Structures are given as structure tokens and as C-alpha cells.
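Each chain, letter by letter, is given below.
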Amino acid sequence: MKTNLLQRKRLLTEESNRCYLCDAPVCTKACKPGLDPGRLLRACKMDNLAGAILRAYQMEACRDCDGYPCEKACLRGRTDRAISITQIVRQLQDMPNPTDSSPLTSSPDLAIDFCGIRCANPFILASSPVAHNYEMCVRALEAGWAGICFKTISFYPSHEVSPRFDQMEVDGVPFIGFKNMEQLSEASVEENFDTLYRLKQRYPDKLIISSIMGRTDDEWTRLAQYSTQAGADIIECNFSCPQMTQEGMGSDVGQSPELVRRFTAATRRGTHLPILAKMTPNIGQMTPVALAAHEGGATGIAAINTIKCITRIDEKALTARPVVCGLSSVSGYSGKAVRPIALRFIHELASDPSAGKMPISGIGGIETWRDALDFLLLGCTNLQICTAVMQYGFRIIDDLCEGLRLFMQENGYKTLSDLIGIALPNIVPPEKLERTQIHRPTVDNSLCLGCGRCFVSCNDGGHQAIRFTSMRKPVIDEQKCVGCHLCALVCPTFAIH
């Protein structure tokens, strides 16, 4: 049976997803020619296929490798089948060089202006566990991140629970969804602002954002003053943390245009810096709250914060996970699963004639350069990342930048600004969609395995428009088919077009 490009990509993804992405990869250490298969596998896993192909082209020695020491060293092989590294390399080597048809002779520029500040690329650490002390922020900035939004600083005495995380997985892939019960920085206000000051002094060209949360007007103003004195570039007002225990803080504020306007104005009284209002998704419409923030003096919007959730129930403790001394609570949901919700709110904001004029920092489920592209195409000029870093580390910045740059090169984009918001005009209200054409599917029998997934889905969840023959081949009934394309979505071999 032949394979098409989509199927080959899926097989590569499935195999590379088995990789543990271990620190100081043992496969690389074992490679006799001194190549770096660990870096190639990371590119595959982070959806940076073009970057993986370019690396594979530089690994000709793999074709004549004797004994496959990289696979023998693979940690996965200690409990399971080792990663098929050599097979992955050979498949990548058989794919077209992504730079052969590139119309640009120079490398695209990832630099972008955000709130009047020039950044080397759009990627920064979100205000979260990944940016809560000096040492880890230094490592991130040295790795190539354009900046950090420090973990939220407050006078509120935060005392965290243990354990505090839970995660959802799909088909063995973890961190599809992530539950986080953390609140704010546990360090003192003085210690946190000293950290911001030291970071800005050491990295004057990096974007340093001070995330703050007050309980009163005076606290918001004072925190803004301290942020300014520490040398922060931007202040982010956290109006959206879903796990605060005190009324009038976090997402309770973000659901009230009046409170958002009031606390933004209080922040503005304490600073001349750009102000971001960080929005809660635990709301029907975000635009009224964003406009209230603008009226209070906000420069831009950060969206979205985490979504209130219960990931699952522990069947023994009979409470939500994580279980804290027999109890649990509703708290914030992040990870790839929330990206569609984040994109919906980004579209709402960017499409509004007034809110759309404000710079938007996009947050929510960004893991790969492809995820990031979605936010850029809808109008974001800055991207904050947390959960993906918690799973894979600061090193993902390499594939975020490389994947985005190679995409731009392949498609003729010279600067990142060329991408911003260009998808917005093509997303229209439902009544403006074409409703007279039917695009019926066709089946490529050379790719079809005869599994019958399309038949089952159409028969039980569609319009009963597929007949499954005795030869285990699907046949489309064009009189019944409405062109919904459910069959194409469930086909495991991409045989339906």
C-alpha cells in the first residue's frame, strides 16, 4: 500500500511522540559520527517538520550506520521498543527540502513591536510557575525567549497546596489539558521587585513584564509604582486568576467591567508604563470588559487566562484531582485543549472596531510554532507560553522560532508583521457562509486499509451515505452525502479527500 505525505507525517509524529525528550539525550551521546538525533526528534515532536528535514539532510551517516548505537542507548528501549531513529531519519531524507522552493534569499525577521517595545521574537514566558524566580528567568532569556511576564506579585499572602497539578492525556499523549491550583508568587513584594530590577539590569533588550494583583485601589497603585521603579517595561493587571480564595480578586474582577475599569485606573495612577489587562475566559463576552479596561487606561489586552475546571474525579477519594488531604476545588485549566477557546476570544477582541485597536498578547495552549501561527494570524503581536514549558522546558524556543521562520520563508513572508491579523477578514458570521455548494468526498482505494471507520462514523453519526462492501471498501452514496467530511476526519490513513 502506498502512503501519502499526510500519512507519512502522521507516522513520523506518532513515532517521535514516543520519545521521552530526555535531558542531554543519550541517543545523541551514543552517536558515533557525532550527530544529534535527539535534537531531530525534538523538532519532529514540536511539529517542526521542516527543521527536522533540514537536520536529516545533514545526517547522511545514518544511512550507513553500523549497529544503530543511538537506538540501543534509547531510554525508551529499557521498558518498551526503542525509538526507530534511523527509520525516522531516512523517511525525512526522502522528503523534499523545504528551502528548495523558498522565494526569499534572506532569513525572515521574527522581530515585532509590542506596545511600542521592540522584541526579537514574539515569544515570552507567561506569568506562571515557569517565571517565578531570578535563576529560571535567566535560563529562559539566555535560551532565546524574548522576555518574561513574571509570576503575579501581590500583597496577598499566598500559601500553596500540595499536590497542586493534574493533567489530561489522549492516546497516551500527556498534558493535552493541565489543571493548576497555584495562586500567586509566594515571595515577598520586596524580593520580587528586586528580581525584576536585576533582570532588567542584566537584560536591557529583553521584555520584562510585571504581573500584579491588588485587593484595593491603593494596592493596585502601589504595585504599579513599584513595578515602574523596578524598571519593568510593561505592567500586566491579573484580573483573571481562577483559584483565588478572596472575593474581589482574580476572575471575580475580570467578570465585572466596573471593577476592571476601576482597578485599571488605579494602576494607571501609579505608572506611565503600558498596561495590559489580563482577561478571564470564564465569561460570555470578553469585549465589554476589554473596553472597560481601555477606558481605565489599559494599553493592551492579554488573553486568555486559565478556564475554571474539574479535570476528573478520584474514584477512591471521591473528590476532584489533585486530592489535597481528602478534598479538592475548582481551578484553572490550560494546555493544548484550551487553544480553540483562546482563539475564539482573540477573534472576538481583534474583530471589534474599538478593542481591535489595542495590542493583544495571546495566551492559551501554545505548544508549537503552528499553534503560535494561529494567534498571529488572528491579530496577536505577542505570545505567552506556560504549560508547554512545564512539560518540555525552555528549550522549545528553538523550534518555536525555527518552525515559524521556515514557514515564513517557504511562503514568502519577509517580516512577522506580514502575518498579523490576515486571517480575520475570512472569518465571518454564519449567515454569510456559502450554503448551496456540496463538496463530496472521494476515496483513494490505494490508501484505504478497509478498516471501516468512515462507515461507522457516517452510519452512526452522519447521514448514512457510505456503503461498506464485502471487499471492505467504502462507497459514497452521492444522493445521501451532504459533504460534511466527517469521514475524512476519522480516516486513519488520509485516504478520503
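Residues numbered from 1 in each chain as written. Predicted model: local features only at pLDDT ≥ 70, side-chain atom pairs only at ≥ 80, totals over all residues. Heavy atoms only, no water.

**Student:** Help me get a handle on the sheet that holds strand β11 (residues 307-309), residues and values and all.
**Tutor:** Taken together, four strands build an open sheet; the order of strands is β5-β6-β14-β11 and the sheet is antiparallel. With one partner strand each, in any of the chains shown, β5 (165-170) and β11 form the two edges of the open sheet. Direction aside, the axes of adjacent strands within the sheet are offset by 40° on average. For β11 and strand β14 (residues 331-334), the ladder comprises three bridges, and the chain directions are antiparallel. Of the residues in β14, the one forming a bridge with Lys308 is Gly332. (Pairing = 2+ DSSP bridges. Helix = DSSP H or I, 4+ residues; strand = E, 2+ residues; numbered from the N terminus. Axes fitted to C-alpha atoms, helices over the stretch in contact; angles between N-to-C directions.)

**Student:** So, unusual backbone geometry: which residues are in play, and what are the values?
**Tutor:** The omega torsion of the bond from Ser162 to Pro163 falls at -5°, within 30 degrees of zero and hence cis. Within the secondary structure, Pro163 is located in the loop between β4 (147-149) and β5. The amide bond that connects Ala303 to the next residue, Ile304, takes the cis arrangement and shows omega of 5°. Locating Ile304 in the fold gives a position in the loop between β10 (300-303) and β11. Positive phi is not limited to glycine here, since Leu21 has a value of about 50°. Examined against the element boundaries, Leu21 turns out to sit in the loop between α1 (5-16) and α2 (26-30). Given the relative accessible area of 7%, Leu21 is considered buried. Positioned with a positive phi, Arg472 is a non-glycine residue whose angle comes to about 60°. Within the fold, Arg472 resides in the loop between β17 (466-468) and β18 (474-476). In this structure Arg472 comes out as partly exposed when scored by relative accessible area, which is 45%. (Buried < 20%, exposed > 50% of the residue type's maximum accessible area, 1.4 Å probe, protein only.)

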